[in-house]
Amino acid sequence: MQGVQDGFKKTMIQTGIRQIKQVGSRECEYCNSTVPIMERMDIEGNIHKESLCLKCETEKTRQRFPSKGNLKREKARGFSIKHEKVPKKLRGKTAASYIPETDSEKNMKNTIGDYVLNFGKTEYNSLVLAGPMGVGKSHLAYAAGAELRKRGYSTMFIPVDDFLSLIKTTYDKETDLSEQSIFEMIEEIDLLIFDEIGAEYNSRKDGFESWASEKVLKVVDLREDLPTIYTTNYRPADFESKYGSVQGGRIVSRMQAGAKKIMVDGRDRRSGDY
């Protein structure tokens, strides 16, 4: 105890404090806590009164450092930017640059516009854009993500095939990521654009992608109640043909849960100028 007292006295001398005592108290004007009023005398005999609310000062210090939740969000933001895979043909595309030619394409464009404008406030969490290739599903999905990123949201555009390739890099230790950390980031992103589901390479002789279906199912399961835009050329029956009746059915069910489905038809713009 004597050592503590001697240390305290030494600290007071080093900081120029000769004497310190409580002379009263006050009510903090911000948090209504009772705060002591301290009086200290410096080595020259000058009297100083100080009164700091430790509760408020602690809160100020806490606010200067990001919370655990904010740290995770920032980590997910960095992950989404680093690992998204946007085809060159889509970069810079906007909703304004998409010219619809059919009623279903107009509906798709209007739905995307409403989804971005009222992000997080629509009755549905997600969108499923389904239809033949070349009608602009990926164009508008990418444009939605790019616009929301400008507004401060974390967004990630990634075709399913590229996502599966990212998972595979963790098996060969080609990255410092783990499969678990990838799925954790996928769940944390504000908006995921999961592009071209079903178009990934099929390597199984029996026609079923058991490994791929497991990973795709995990993504759609994690994102079931979270904002997600899915694009696909497949019909529900096609998913069952590719992934099997059980896994295929589960994937379709999770995708459509809480989602608005847009069926699109039109010409394949990839065969001409787009």
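One can find the structure itself at the top, above this paragraph.
Residues numbered from 1 in each chain as written. Predicted model: local features only at pLDDT ≥ 70, side-chain atom pairs only at ≥ 80, totals over all residues. Heavy atoms only, no water.

### Description of the pairing of strand 7 (residues 228-232)
Operational definition: Burial classes: relative accessible area under 20% of the type maximum marks a residue as buried, over 50% as exposed, and values in between as partly exposed (1.4 Å probe, protein chains only). Numbering of helices and strands runs from the N terminus; a helix is a DSSP stretch of H or I covering at least four residues, while a strand is a stretch of E covering at least two. Strands were regarded as paired on the criterion that DSSP finds at least two bridges between them.
Of all five residues in strand 7, five are buried; the element is thus mostly enclosed. Neither face of strand 7 is left uncovered, since the one carrying Thr-228, Tyr-230 and Thr-232 and the one carrying Ile-229 and Thr-231 both have all their residues buried. In this sheet, strand 7 lies alongside strand 4 (residues 126-130) in parallel orientation, the contact comprising four bridges. Across the sheet, the residue bridging to Ala-130 is Thr-232, located in strand 7. One ladder, built from four bridges, connects strand 6 (residues 191-197) with strand 7; its direction is parallel.

### Some details on the nonpolar core
Rules: Buried Ala, Val, Leu, Ile, Met, Phe, Trp, Tyr and Cys residues that are joined via side-chain atoms within 4.5 Å together make up what is termed a nonpolar core. Throughout, a contact is declared for two residues whenever any of their heavy atoms are within 4.5 Å.
With 30 residues, the main nonpolar core has Phe-79, Phe-163, Ile-182, Ile-186, Phe-194, Ile-197 and Met-255 as its most contacted residues. Not counting the four nearest positions on each side in its chain, Phe-79 is found in contact with Glu-84, Met-156, Leu-166, Leu-177, Ile-182, Met-185, Ile-186 and Ile-189. Tyr-115, Leu-129, Val-135 and Val-264 belong to the second largest nonpolar core, which has 23 residues in total.

### A few points about the pattern of salt bridges
Test applied: Here, a salt bridge means any side-chain nitrogen of Lys or Arg that lies within 4 Å of a carboxyl oxygen of Asp or Glu.
What the rule picks out here adds up to 14 salt bridges. When the shortest N-O distance is used, the salt bridge between Lys-215 and Glu-179 registers 2.7 Å. Pair noted here: Lys-215 is in helix 8 (residues 210-222) and Glu-179 is in helix 7 (residues 179-188), with a separation of 36 residues, a long-range link. What makes Lys-215 buried here is its relative accessible area of 6%. Via salt bridges that share partners, Glu-101, Glu-105, Arg-267 and Arg-269 belong to a single interconnected network.

### A look at the pairing of strand 5 (residues 155-159)
Judged by how many residues are buried, strand 5 sits mostly within the fold: five of five residues are covered. The alternating pattern of strand 5 places Thr-155, Phe-157 and Pro-159 on one face and Met-156 and Ile-158 on the opposite face, and all of these are buried. Where strand 5 and strand 6 come together, five bridges link them in parallel fashion. Counterpart to Thr-155 in the pairing with strand 6 is Leu-191.

### Some words on the sheet that holds strand 7
Strands in a sheet are paired, the pairing made by backbone hydrogen bonds, and the direction either parallel or antiparallel. To keep things clear, this is the line we draw: Note on geometry: axes are lines fitted to C-alpha atoms, helical ones only across the stretch in contact, with angles between N-to-C directions running from 0 to 180 degrees.
In space, the five strands of this open sheet follow the order 5-6-7-4-8, with parallel pairing throughout. Across the chains shown, the open sheet's two edge strands, defined by having one partner strand only, are strand 5 and strand 8 (259-263). Shown here is a sheet whose adjacent strand axes are inclined to one another by a mean of 10°, direction ignored. Bridge count for strand 4 against strand 8 is five bridges, and the pairing is parallel. Residue Ser-126 lies in a different strand from strand 8, and its bridge partner there is Ala-259.

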